[in-house]
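# Inside the fold
The residues making up each chain are set out below.
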2 protein chains.
Amino acid sequence: MSVVVIEGGVAGEGKADPSTPLRFAQDDKSIVPTYEGDFVLDGHLLLECGRTLADPTLHYAVYGRLNAARDNAVLVGHALSGSALVAGWWPELFVEGGLIDLKTDCVICVNLLGSCYGSTGPGSVDPETGEVYGATFPLISIRDNVRAQARLLDSLGIATIPLAIGGSIGAMQALEWAILFPERVKRAAIIAVAPLNAMGLALNHLQRRAIQGDPHWMEGNYLRQPRAGLALARQIAMLSYKSPQLFTERFGRNPNRNGEDPWALEVDGGGLSGGRFDVAGFLDYQGERFLDRFDANAYLAILRTMDTWDPVRGYRSAAEAFGRIQAQLTFIGISSDGLFPPQEVRALAEEVKAAGVRAEYREMVTDHGHDAFLAEQTELIRLLQ
Amino acid sequence: MSVVVIEGGVAGEGKADPSTPLRFAQDDKSIVPTYEGDFVLDGHLLLECGRTLADPTLHYAVYGRLNAARDNAVLVGHALSGSALVAGWWPELFVEGGLIDLKTDCVICVNLLGSCYGSTGPGSVDPETGEVYGATFPLISIRDNVRAQARLLDSLGIATIPLAIGGSIGAMQALEWAILFPERVKRAAIIAVAPLNAMGLALNHLQRRAIQGDPHWMEGNYLRQPRAGLALARQIAMLSYKSPQLFTERFGRNPNRNGEDPWALEVDGGGLSGGRFDVAGFLDYQGERFLDRFDANAYLAILRTMDTWDPVRGYRSAAEAFGRIQAQLTFIGISSDGLFPPQEVRALAEEVKAAGVRAEYREMVTDHGHDAFLAEQTELIRLLQ
């Protein structure tokens with residue numbers, strides 16, 4: 001990968017907010033952002049749920065530099081556990097011949113409200129009470145995020161963006177951008193998303209139960225992470241991020257590669273548990289490593305953001321909601337996606353198209369499952385070009 | 001449904017075992033068994049894992065009566081949380097025109113070792129120590145169960161059975177019967193099963209983690225059920241018993257039917273959780289009601305029984321294992337089964353057929369998912385006739 005380092009860059013116009021320290025390790029920084037910092041929205045952000053968020057901080061990263069017309073900023077939305085450091089988790093977009101050329105493009109990615117990577121979230125101090133939000137943190141919708149992001153772009157003098165792009169929850173943001181600010185978005189790439197279906201709502205609910213069922217969660221007022229619950233939540237999620245085919249190819253019915261024997265007795269639980277299968281070792285590892293990089297309450301907050309997203313909510317019809325869109329839309333479904341099945345992404349694309357929008361649907365053919373938009377970036381870029 | 005009550009019946013030849021009381025409520029008894037009782041295997045049952053089980057009890061139920069030749073006993077295997085009372089959970093098999101006619105057929109169903117419905121399990125007293133097994137309960141394989149069941153049939157004077165039938169773990173038993181005792185089984189119906197694939201092993205692992213992660217589990221030595229963990233395990237399992245299509249049809253993105261609002265705040269967790277969606281209410285109900293009818297350690301024990309089943313294990317080849325079979329086999333796959341995908345049931349059937357066995361594969365076309373063998377019994381019976 002060619003690493004592109006751009007010197008200088010835009011100045012952050014928000015003031016720093018010491019109440020939202022970066023408590024969690026973030027992704028690889030081999031492509032260095034031109035700017036990474038906080039934008040504080042002055043006053044109250046009115047939320048869709050009816051509550052307000054006082055002086056919320058948006059943590060964001062900028063790669064490359066704005067041109068004189070300030071019309072070259074690609075806006076990237078991140079997924080559940082992502083951060084603003086998009087070059088860390090989506091590096092191949094920046095590779096020469098990739099989707100982004102930092103010699104001419106500027107990229108902005110904003111951390112979701114509710115997250116633990118710098119934007120205001122449950123771990124932040126509520127300026128109105130002087131206390132950490134914890135379980136009092138309100139429900140933040142995708143639209144709330146998009147409206148806050150628009151205020152950040154306003155402050156940067158950015159009127160229009162050539163592209164809003166994201167996968168999963170990132171794609172929810174991209175589509176909402178095209179609906180809420182039709183005159184500001186030229187193109188949107190909406191990858192592996194549709195309103196969460198009943199099985200997806202079920203998966204999220206069990207992740208919520210796993211965290212809230214851990215006595216260390218303490219009704220959201222923990223000082224120390226509810227580790228078992230958060231690890232289990234991550235593991236449940238992994239089942240929907242990968243596909244059965246991928247698991248079969250990678251793990252089959254093999255015993256854990258560290259040499260455990262599934263027929264053994266008396267490994268941490270007598271005969272009731274034993275040596276693990278390989279897939280179990282993988283899941284335990286995934287659960288464990290998540291604990292150092294994500295916060296349980298932030299996870300709960302973003303699950304609700306994801307659950308409640310419905311782009312048609314509040315409009316009289318899908319035609320009214322989608323009819324607002326002026327951007328050209330590309331929808332990408334992933335053939336083996338069990339979380340946002342490709343037929344649902346296609347149906348969403350067709351609904352949008354039926355509203356008179358220039359929209360097309362393309363499909364990534366892969367066994368990887370939902371995570372393919374992160375795991376198979378080269379193929380994704382090929383489909384987007 | 002016509003209820004068939006048969007008077008009299010075979011006498012149980014095992015002695016009663018007060019150490020295995022029926023602590024958990026069992027299924028509906030509208031079709032009354034002719035006999036329900038315990039058979040105690042004298043001495044030690046040598047297990048595949050290398051351990052022994054001293055004087056294990058098999059709890060079993062008999063419907064109808066044995067004929068003079070004692071060759072009319074259909075053997076039914078039950079699934080994870082089933083009991084010997086097969087007419088309670090598979091009633092339509094007994095309906096006039098169903099698979100079973102109790103005027104001529106006799107039906108025997110044996111509770112799995114490890115279960116909490118009468119057979120020796122983790123809640124039983126180990127006669128060698130005088131203590132409840134708890135976490136010391138050994139790994140019981142499907143073959144261990146089948147060998148124990150064969151000793152019960154021996155004691156009843158039953159040399160051959162016209163049919164071994166079961167779904168899921170019940171089907172594992174039916175196929176093992178045909179392999180281990182080829183001369184005793186005339187026909188076997190193997191419904192919705194194959195060796196558990198990596199995704200299935202993953203699902204079971206997370207159910208295990210849910211139970212063992214509950215502090216009330218107490219390393220298996222609880223006096224009071226680890227309720228949160230067991231409920232969550234059951235809920236995770238439900239995701240694989242039903243299909244995404246069924247969930248979409250039944251629940252969609254509807255709010256919980258009790259009137260909760262997914263957009264509401266401050267329902268048991270401030271803004272981090274709120275009103276539930278309908279599917280979440282369904283899952284919570286399923287988790288809760290399971291607590292009164294099943295035991296956490298029994299659940300863990302049978303998960304391992306399920307995990308470790310591989311009919312070819314210990315043979316040099318599939319041809320050697322399946323080549324032993326003399327019975328005629330019918331495999332049934334369920335089109336929407338995510339736990340035992342139909343293509344894997346079909347592949348198993350083809351492997352068996354390739355070994356020279358009379359085997360055929362049929363498929364239930366349904367949106368229901370794995371549980372269709374319980375939920376759509378009429379269609380199942382039609383396919384089996």
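Just so we're clear, the structure is a prediction, and the values are computed from it rather than from any experiment. (Residues numbered from 1 in each chain as written. Chains lettered and ligands numbered in written order. Predicted model: local features only at pLDDT ≥ 70, side-chain atom pairs only at ≥ 80, totals over all residues. Heavy atoms only, no water.)

What follows deals with the packing of helix α2 (residues 142-155) of chain B against helix α3 (residues 169-180) of chain B. Residues and elements named next belong to chain B. Interhelical geometry of α2 versus α3 gives an angle of 65 degrees and a closest axis separation of 9 Å. Comparing the axis directions of α2 and α3 gives the class roughly perpendicular. Crossing angle aside, the handedness with which α2 passes α3 is right-handed. Within the contact between the two elements, α2 uses Ile-142, Arg-143, Val-146, Arg-147, Gln-149, Ala-150 and Leu-153 and α3 uses Ile-169, Met-172, Gln-173, Glu-176, Trp-177 and Leu-180. The class makeup of the residues in the contact of α2 with α3 is eight nonpolar, two polar and three charged. (Axes fitted to C-alpha atoms, helices over the stretch in contact; angles between N-to-C directions. Helix = DSSP H or I, 4+ residues; strand = E, 2+ residues; numbered from the N terminus. Parallel < 35°, antiparallel > 145°, perpendicular 65-115°, else oblique. Left-handed = near helix turned anticlockwise from the far one by under 90°. Contact = heavy atoms within 4.5 Å. Nonpolar A, V, L, I, M, F, W, Y, C, P; charged D, E, K, R; others polar.)

Take the domain arrangement of chain A next. Residue and element names in this part refer to chain A. Partitioning chain A into domains gives domain 1 (2-196 + 310-384) and domain 2 (200-302). Here domain 1 and domain 2 have C-alpha centroids that lie 27 Å from each other. Between domain 1 and domain 2, a total of about 2100 Å² is buried, with carbon and sulfur atoms accounting for 60% of that surface. Viewed at the interface, domain 2 and domain 1 are joined by one salt bridge. In this structure, Asp-371 engages Lys-242 in a salt bridge whose closest nitrogen and oxygen atoms are separated by 3.1 Å. Residues of the side of domain 1 that touches domain 2, tallied by class, amount to 12 nonpolar, eight polar and three charged. (Domains from an automatic or database assignment. Buried area = accessible area lost by both parts, 1.4 Å probe. Salt bridge = Lys/Arg side-chain N within 4 Å of Asp/Glu carboxyl O.)

With that settled, the discussion passes to the pattern of salt bridges. All told, the structure shown has 30 salt bridges over all chains when counted by the stated rule. For Arg-257 of chain B, the salt bridge is made with Asp-278 of chain B, and the minimal N-O distance between the two is 2.6 Å. On the criterion of sequence distance, the pair formed by Arg-257 of chain B in the loop between α6 (244-250) and α7 (278-290) and Asp-278 of chain B in helix α7 is long-range, its members being 21 residues apart. Of the residues examined, Arg-257 of chain B reaches a relative accessible area of 64% and is grouped as exposed. One salt bridge in this structure joins Arg-362 of chain B and Glu-360 of chain B, with 2.7 Å as the shortest N-O distance. The partly exposed category is assigned to Arg-362 of chain B, whose relative accessible area is 24%. The partly exposed category is assigned to Glu-360 of chain B, whose relative accessible area is 29%. Through salt bridges that share partners, Glu-48, Arg-143, Glu-176 and Arg-313 of chain A make up one connected network. (Buried < 20%, exposed > 50% of the residue type's maximum accessible area, 1.4 Å probe, protein only.)

So, about α2 of chain B. All names here are of chain B. Between its first and last C-alpha, α2 extends 20 Å over 14 residues, near the 20 Å set by a 1.5 Å rise per residue. Of all the 14 residues making up α2, 11 are buried; the element is thus mostly covered by neighbouring parts of the structure. Those residues of α2 that sit buried are Ile-142, Arg-143, Asp-144, Asn-145, Val-146, Ala-148, Gln-149, Ala-150, Leu-152, Leu-153 and Ser-155. N-cap assignment for α2: the residue whose side-chain oxygen lies 3.3 Å from the backbone N of Arg-143 is Ser-141. Gly-157 occupies a position one or two residues after α2 and carries a positive phi of about 75 degrees. (Expected span 1.5 Å × (residues − 1). Polar contact = N/O pair within 3.5 Å; in protein donor to acceptor, adjacent residues only side chain to side chain.)

With that settled, the discussion passes to the interface of chain A and chain B. How big an interface is tends to be expressed through the accessible area that disappears when the partners come together. If you look at the interface, chain A gives 65 residues, while chain B gives 65 residues. Looking at the side of chain A facing chain B, the largest losses of area belong to Arg-253, Trp-263 and Leu-272 of chain A, adding up to 18% of the total buried there. On the surface where chain A and chain B come into contact, there are two salt bridges. We note a salt bridge from Arg-209 of chain B to Asp-284 of chain A, for which the minimum N-O separation is 2.7 Å. At the junction of chain A with chain B, the criterion picks out 16 residue pairs in polar contact (both at pLDDT 80 or more). Within the residue set of the side of chain A that touches chain B, elements represented by two or more residues are α4 (198-212), α5 (227-241), α6 (244-250), α7 (278-290) and α8 (296-307) of chain A.

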